[in-house]
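The primary structure of each chain is shown beneath.
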Amino acid sequence: VLVAALNEYLSLMSEIVQSHDGTVDKYVGDAVVAFWNAPISVPEHALLAVRTAVHCQRELGSRADEFRERFGIELKARIGINTAVVSVGNFGSRTHFTYTMIGDGANLASRIEGINRYFGTRILLTGATAGKLGDLVPVRKVADIRVSGKEEIVTVYEPEIEDGHNTFVPENLARYHSAISLFESGELKEARELFAALDADPVSQAYVRRIDGHLRIGGRLQSPVWEFREK
């Protein structure tokens, strides 16, 4: 049953990637690794990658009941997207090689994927990707983060999936952005009040937990950056 479910899931995700001009790189367990703009040039590859992610999450939502009934599993996935220059080509030995990508930009996308679980998000993209979307895909800032092995601060964003989540309703979005500004300026109690009002938003509740941790020990916010230093 597990093999059948995994094969169907990977097939579904891969078909969506390929239908948006993406290249499926490899499968790592239940993860699909993909890239755009190689082996042929793909205009608007950042936009296509984000639209692929949104399509994947919508499809997973629509197929959730079916997978639960057929395989007895909850169908969920996290997605990380980064736009960067990487090396793409045939890598390996003289007797065995794989057409794949390597580079810090690809590694960062993988880190971003895992960070979704801290914020309760399903898609996170870096500022390098968000900056290429224009007004074509609504996004909101989630956090400034720093990952292990890097000193660079990376801003991550969440795109709107339009699946009934109310975070992107203008009133809620305005409250959320105000809360982010208050948090980053160190006004924790005021920020918490606004975040707490967005009780259906996982990102806002992640901020509530962090603020509560600071207030509990009577500490001040030394930096608004979220540190993810685990290997």
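Every chain is numbered on its own, with residues counted from 1 as its sequence reads. With the structure being a predicted model, the display of local features is reserved for residues of pLDDT at least 70 and the display and counting of side-chain atom pairs for 80 or more, all residues being used for whole-chain, interface and lining totals. In computing side-chain values, all of the structure's heavy atoms are included and hydrogens and water are not.

So, about the pairing of strand 7 (residues 139-147). Only protein chains enter the accessibility calculation, which uses a 1.4 Å probe; a residue whose area is less than 20% of its type maximum is buried, one above 50% is exposed, and one in between is partly exposed. In this text, helices come from DSSP runs of H or I with a minimum length of four residues, and strands from runs of E with a minimum of two, each type numbered from the N-terminal end. Most of strand 7 sits out of view: eight of its nine residues are buried. Strands qualify as paired when DSSP identifies two bridges or more between them. Bridge analysis of strand 7 against strand 8 (residues 154-159) gives six bridges, and the strand direction is antiparallel. Note on strand 8: the bridge partner recorded for V139 is P159. The loop that links strand 7 with its antiparallel partner strand 8 comprises six residues; one of these, G149, has a positive phi angle of about 85 degrees. Pairing of strand 7 with strand 9 (residues 226-228), which is carried by three bridges, proceeds in the parallel orientation. Bridge pairing links R146 to E227 in strand 9.

Attention now moves to helix 6 (residues 188-197). All of the buried residues along helix 6 are L188, A191 and F195. End-on view of helix 6: buried residues confined to an arc of 65 degrees, all on one side of the axis. In helix 6, the exposed residues that point more than 90 degrees away from the buried face are K189 and E193. Turning to helix 6, the residues buried within the fold contact helix 5 (170-184) and helix 7 (202-216). The arc under discussion is defined with respect to the helix axis, by the directions toward the C-beta atoms. Here a residue-residue contact requires only that any non-hydrogen atoms of the pair lie within 4.5 Å.

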